[in-house]
Amino acid sequence: MPKNNVHLYNLILEGKSETQDDNIKSVWQKHRKDISLESFRRMFFLWKRANVKRSDAPKMDIKSMVQDLIKKKKHESIESISDALDVGVSKVRGAIKELSDVGHNFTINGDRVLFSSHIPKSEPVKLDVKKMSSGFYKFGAVGDNHMGSKYERLDVLEALYDMFESEGIKVVYNTGNWIDGEARFNKHDLSVHGMDNQIRYFVENYPKRKGITTYFIAGDDHEGWYTQREGVDIGKYAEYIARQEGRNDLIYMGYMEADVHLKAKNGETIVRILHPGGGSSYATSYSIQKIVESYQGEEKPHVLLAGHYHKADYLYYRGVHCVQTGTTQDQSPFMRKKKLAAHLGGWIIEFHNDENGAITRFKQEFIPFYDNSYYKKWSYKFGEKKKSAKI
C-alpha cells in the first residue's frame, strides 16, 4: 500500500463532513481521481482495519448521525446507512429503535427506513366507568398553557390543580399546547428556548398532585411545530422525559385528538379530546359548531373537549356536549394584534350516564381567573411558582 496514501487516510479520519463516506469522497476528488472511488474506498478500509484501533477512532454519536441521514433522505436503507457510517447493521437498527422509542417517527420495513412528520391517530383509551363510581364521572379540563412563554400563568394552572385536588378529582384532561413551541414570530415572547429545554421545563413545572393523573394530547401548532420540523412525536417524547424524571402522572394520549371510551354495562360514553386548527371566528361557538357539523352520525362523541382558541364556552349541539377549555396564558402580542381575548381558567365537569352510555345529566363549572393586577389589588398571593393563587 503506497505510503503517501497514509496522509490521505488520516485526512479522511479528521474530516469535517457529516459522514465518513462524505470525507472519503472529498479526499478522493481532491487527491486520487486517478483511481476509481470504489477502489480508493476499499483501500482506505483495508488500511483502517490494519492500523486504526477502535479505541483510537473518533467517537461517533451514532443516533444523531443516523437521524440526520434519514431526515435528509441521503440514505433510505439499513445497509446504505451502515456503509456510510462504517458501523454494523445491528448498531444502525439499534439506534433507529432507540430513536423511535423516545418519539422520533422512524419505522423499519424490511431493509427500508421510513420517516414521516405525520403522526398516526392514536388508539382510544378505554376506562370502566363502573369501577370509578357506577354511572358517574367527574374530571378536570384545561388547555393552552403555553409554558415557556413570557405570558404563561403558572399561578392560574397551580390554583386550578389545587381546586381539582380539593374536589377529589382524579383525572384531568389537557387539550394541548402545553408548551409554547418555537417559530420565527414568537421567539421574542419566549422565556425558554429550544425543544429539549421547553420539554424539561414542562415536566419540571407542570402541576403535580397526589392521586391526580393528567392525560394530554399534542397540538399541531406550538409543540406541534417541533413535530413538523424534527419528525418527533413531541407528546411521546414529553412522556418519555417525564418518566425519566419520575413523573408517572403525565400520560400522552395522541396527536391532535384522542378518544376516551368510558365503558357502561351495554355500551360506552365517548369523550373526545381535541386540539383543532384555524383562527378564531366572529362568534365564540362558531368554530366548534362547524367541527360538530362535520362529524358523520356515528363519528360524534358524547362529549367534546376542545382547545386552541383560548376561549371558555359550553355548547350542546347535535347531541354533543361541547366545552372549550380556555387557557392559562395571558393575552399575547399576537392575540392583541388580532383582537383576540384570552379566557383564563379551567373546568370541572361531571356527568351521569345510563347502561347504554347515553348521558342523562351533565354539569359544567368554569373557574375564571383575571389579569395580574386583580390579584395584586386584593392582596392575593401571586406569581409564585408551584404555589397557587389564593382565591
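Residues numbered from 1 in each chain as written. Predicted model: local features only at pLDDT ≥ 70, side-chain atom pairs only at ≥ 80, totals over all residues. Heavy atoms only, no water.

Asker: Before we go on, may I ask you to explain the overall build of the protein in this structure?
Answerer: For the protein, the helix and strand inventory stands at 14 helices and 14 strands. Across the 391 residues in the protein, those meeting the buried criterion constitute 50%. A separation of at least 24 residues holds for 66% of the contacts in the protein among residues at least 6 apart in sequence. In the structure as shown, the protein presents an accessible area of about 19,700 Å², 49% of it carried by carbon and sulfur atoms. (Helix = DSSP H or I, 4+ residues; strand = E, 2+ residues; numbered from the N terminus. Buried < 20%, exposed > 50% of the residue type's maximum accessible area, 1.4 Å probe, protein only. Contact = heavy atoms within 4.5 Å. Areas by Shrake-Rupley, 256 points an atom, 1.4 Å probe, with all protein chains shown as cover.)

Asker: It is not clear to me how the pairing of strand 10 (residues 303-306) should be interpreted in this structure. Could you clarify?
Answerer: Side chains on a regular strand alternate between the two faces of the sheet. Here strand 10 shows a buried face lined by Val303 and Leu305 and a second buried face lined by Leu304 and Ala306. Strand direction decides the pairing type here: strand 9 (residues 268-274) and strand 10, joined by four bridges, are parallel. Directly across from Ile273, in strand 10, lies its bridge partner Leu305. Each parallel crossover has a hand, and for strand 9 linked through helix 12 (residues 286-294) to strand 10 it is right-handed. (Pairing = 2+ DSSP bridges. Right-handed = clockwise from strand over helix to strand, strands pointing away.)

Asker: Help me understand the nonpolar core in this model?
Answerer: Taken as a class, soluble globular proteins show a tendency for nonpolar side chains to be buried jointly. Core analysis: the largest hydrophobic core is formed by 38 residues, its most contacted members being Phe164, Trp178, Ile199, Phe202, Tyr206 and Ile234. Contributing elements (two or more residues each) for this core: helix 8 (154-166), helix 9 (195-205), strand 6 (213-218), helix 11 (234-244) and strand 7 (250-255). Here this core takes seven residues from helix 8, the largest share from any one element. Ranked by size, the runner-up nonpolar core spans 22 residues in total, among them Ala141, Ile217, Val260 and Ile273. (Core = buried A, V, L, I, M, F, W, Y, C linked by side-chain atoms within 4.5 Å.)

Asker: What should I look at first to understand the layout of surface pockets in this one?
Answerer: Gaps left between atoms show up when a probe the size of a water molecule is rolled over them. If you add up the space inside the second largest pocket, you get close to 480 Å³. Lining the second largest pocket are 22 residues; nearest its centre among them are Asp221, His222, His310, Phe334 and Met335. When the residues that make up the lining of the second largest pocket are grouped by side-chain class, the tally is six nonpolar, twelve polar and four charged. (1 Å grid on protein atoms, 1.4 Å probe; cavity = no way out; pocket = protein on both sides within 12 Å on 5 of 7 lines; lining within 4 Å. Points joined across faces, edges and corners; volume = space filled by probe spheres on them. Nonpolar A, V, L, I, M, F, W, Y, C, P; charged D, E, K, R; others polar.)

Asker: In this structure, what is going on with the pattern of salt bridges? I would like to understand it.
Answerer: Think of it this way: side chains of opposite charge can pair up when their charged atoms draw near. What the rule picks out here adds up to 16 salt bridges. Between Asp34 and Arg32 there is a salt bridge, with its nearest N and O atoms 2.9 Å apart. For Arg32, a relative accessible area of 16% corresponds to the buried category. Here the salt bridges do not stand alone but share partners, grouping Lys138, Glu167, Glu350 and Lys363 into one network. (Salt bridge = Lys/Arg side-chain N within 4 Å of Asp/Glu carboxyl O.)

Asker: Can you walk me through the sheet that holds strand 14 (residues 359-368) in this structure?
Answerer: Within a sheet, neighbouring strands are paired by backbone hydrogen bonds and run either parallel or antiparallel to one another. The strand order across the open sheet formed by six strands is 7-6-5-4-13-14, and the pairing between neighbours is mixed. The open sheet is flanked by strand 7 and strand 14, the only strands paired with a single partner. Between one strand axis and the next, the sheet turns through 25° on average, direction left out of account. Looking at chain direction, strand 4 (residues 136-142) and strand 13 (residues 345-353) are connected through six bridges and run antiparallel. Paired with Ala141 across the strands is Trp347, a residue of strand 13. Sheet contacts for helix 11: strand 6 and strand 7; angle to strand 7, the most-contacted strand, approximately 170°. (Axes fitted to C-alpha atoms, helices over the stretch in contact; angles between N-to-C directions.)

Asker: Got a minute to help me understand the confidence of the model for the protein in this structure?
Answerer: Predicted coordinates in areas of low pLDDT are best not read in detail. Taken as a whole, the protein shows an average pLDDT of 85; of its residues, 84% reach a score of 70 or greater. Counted against residues more than four places away or in other chains, residues 382-391, with its pLDDT under 50, gives 28 contacts. (pLDDT = per-residue confidence, 0-100.)

Asker: What should I look at first to understand the pairing of strand 6 in this one?
Answerer: Where burial is concerned, most of strand 6 is hidden: five out of the six residues are buried. Pairing geometry for strand 5 (residues 171-174) and strand 6, over four bridges, is parallel. Each bridged residue has a counterpart across the sheet, and for Tyr173 the counterpart in strand 6 is Tyr215. For the crossover from strand 5 across helix 9 to strand 6, the handedness is right-handed.

Asker: Would you mind showing me how to read helix 5 (residues 78-85) here?
Answerer: Because an α-helix packs 3.6 residues into every turn, residues spaced three or four apart end up facing the same way. Along helix 5, six of the eight residues are buried, which leaves the element largely enclosed by surrounding structure. Where helix 5 is concerned, the buried positions are Ile78, Ser80, Ile81, Ser82, Ala84 and Leu85.

Asker: It is not clear to me how the side chain of Asp249 should be interpreted in this structure. Could you clarify?
Answerer: Structurally, Asp249 can be placed in the loop between helix 11 and strand 7. Residue Asp249 is classed as buried on the basis of its relative accessible area, which comes to 8%. A polar contact of 2.6 Å, which involves the side chain of Asp249, links it to the side chain of Arg247. When neighbours within four sequence positions are excluded, Asp249 is seen to be in contact with Pro207, Lys208, Ile212, Thr213 and Thr214. (Polar contact = N/O pair within 3.5 Å; in protein donor to acceptor, adjacent residues only side chain to side chain.)

Asker: Even after reading the chapter, I still don't get the packing of aromatic side chains, so can you show me in this structure?
Answerer: Think of a pair of aromatic rings as described by two things: how far the centres are apart, and how the planes are tilted against each other in angle. Applying the stated rule across the entire model yields 19 aromatic pairs. Seen in terms of ring centroids, Phe139 and Tyr173 are 5.2 Å apart; in terms of plane orientation they differ by 70°. Their pairing is edge-to-face. With a gap of 34 residues between them, Phe139 in strand 4 and Tyr173 in strand 5 connect regions that are remote in the sequence. You can call Tyr173 buried: its relative accessible area is 1%. Taken together, the ring pairs in this structure connect Tyr137, Phe139, Tyr173, Tyr215, Tyr314, Phe351 and Phe362 into an aromatic cluster. The ring of Tyr295 has Arg272 sitting right over it, with the charged end atom 4.9 Å from the ring centre. (Phe/Tyr/Trp six-rings, centres within 6.5 Å; stacked < 30°, edge-to-face > 60°. Lys NZ or Arg CZ within 6 Å of the ring centre and 35° of its normal.)

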